[in-house]
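Listed below are the residues making up each chain.
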Amino acid sequence: MKHSFRAKKSAIVISLLLVLMMVLSLAIPKLTKAAAGSTPPHTKLLTDNHDGTYTLSLDVVGESERKPNPVNVTVILDHSGSMDTRTGGYGSQTRMAAAQNAVNNLARSLFNYNTT
């Protein structure tokens, strides 16, 4: 009975971690767009050169850079014995290793977003 409860608990923790990662992966592109702001004021002019070519002029006025708002992210991992269970077949990683890889990937994604 205890083993079954631990397995369910671990599955729930891993599922919640994956949901968190999916939500953040969907939110980051929206945050990027929001940080970039709306379309800046601009004018476009297309002039026919009467020789089969055209001249395109584009004037854009806007801020050179906007900084994203900092956020705090907390990740909580289950550290019970069930996290030593392998995730799949032969040679698979433990649940803890899979969770650590997921958190490291999340951290790299957030870091890359913060430095671009």
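Nothing here was measured: the structure is a model prediction, and the numbers come from that model.

## Focus: the pairing of strand β1 (residues 42–48)
Consideration 1: By the bridge criterion, seven bridges tie β1 to strand β2 (residues 54–60) in an arrangement that is antiparallel. Of the residues in β2, the one forming a bridge with Leu46 is Leu56.

## With respect to the environment of Ile76
Consideration 1: For Ile76, the location among the structural elements is in the loop between β2 and α2 (95–115).
Consideration 2: A relative accessible area of 70% places Ile76 in the exposed class.
Consideration 3: A C-alpha to C-alpha distance of 8.7 Å links Ile76 and Val13, two positions 63 residues apart in sequence.

## A few points about unusual backbone geometry
Consideration 1: For His50, which is not glycine, the phi torsion reads 60 degrees and is therefore positive.
Consideration 2: Along the chain, His50 falls in the loop between β1 and β2.

## Remarks on the environment of Asp84
Consideration 1: Considering the arrangement of structural elements, one finds Asp84 in the loop between β2 and α2.
Consideration 2: Its relative accessible area of 58% is what places Asp84 among the exposed residues.

The rules behind these values
Residues numbered from 1 in each chain as written. Predicted model: local features only at pLDDT ≥ 70, side-chain atom pairs only at ≥ 80, totals over all residues. Heavy atoms only, no water. Pairing = 2+ DSSP bridges. Helix = DSSP H or I, 4+ residues; strand = E, 2+ residues; numbered from the N terminus. Buried < 20%, exposed > 50% of the residue type's maximum accessible area, 1.4 Å probe, protein only.

Just geometry here; none of it tells us what the structure is for.
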